[in-house]
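Listed below are the residues making up each chain.
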Amino acid sequence: MIKNADTTDFFLEGAGYGVFPHLIQKMESVDKSKVDTAKDELKLALEVLHEIITTAKAEKFWIKADDKIYEGKCLLLEIMNIQSVGPNLILSPEAVTDDGLFNVVYVDEAQRSDFAAFIKKRLNGEEVTFDYKKFEAKQLTIDCESTYMHIDDELVLPLKNVAILEVRENVLEFLVPQS
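To keep things clear, this report deals only with the structure shown in the data block. Not measured: the values here are computed from a predicted model.

## Comments concerning the pattern of salt bridges
Applying the stated criterion across every chain, the model contains 5 salt bridges. Among the ionic pairs, E51 bridges to K26, the shortest N-O distance being 3.3 Å. Residue E51 is located in helix α2 (residues 38-55), and its partner K26 is located in helix α1 (residues 19-29); the two are separated by 25 residues in the primary sequence. With a shortest N-O distance of 2.8 Å, E109 and R112 are connected by a salt bridge. Taking relative accessible area as the criterion, E109 reaches 36% and is therefore assigned partly exposed. Owing to a relative accessible area of 16%, R112 belongs among the buried residues under this scheme.

## Concerning unusual backbone geometry
The phi torsion at D66 lies on the positive side, around 55 degrees, for a residue other than glycine. Mapped onto the elements, D66 comes out in the loop between β4 (59-65) and β5 (68-80).

Each value, and the rule that gives it
Residues numbered from 1 in each chain as written. Predicted model: local features only at pLDDT ≥ 70, side-chain atom pairs only at ≥ 80, totals over all residues. Heavy atoms only, no water. Salt bridge = Lys/Arg side-chain N within 4 Å of Asp/Glu carboxyl O. Helix = DSSP H or I, 4+ residues; strand = E, 2+ residues; numbered from the N terminus. Buried < 20%, exposed > 50% of the residue type's maximum accessible area, 1.4 Å probe, protein only.

Shape is all these values report; function is a separate question.
Here's what the structure looks like:
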């Protein structure tokens, strides 16, 4: 759940700042006339993401996570309930949807060239991993300079306030057939 000024939003998969909200926005206007398959669309998204990583401004962030403070400048800041985001990028392989914790993943300015190289290798079909900076928390207060944010796959603009995120356990129940 995200509280932001006068609104409360719920998310299931993830929320974040930086390159992925930029990617969502850019993919709305990119020419997809030569995209025939899901694989082509994934490749196009990785190409656009690579371009964004090389040119994006690193944004200042400050996070209070439970009782710890994290701050710096990042290209990517994701609050995850699932393992992957965007164009099939596994950011948090240890994420468990029902563990009562957010998995927070970020890429700081110092990792820009390594992150761009990682995306380039993915574009070339290589099976590679990236060493994201990460931590877990139940409650987050986030102040990020970025005006770009996403909640699941929806772009949130303009973003002007501190976001308060908290895990709400047992809010959603799934009905599944008996096997």
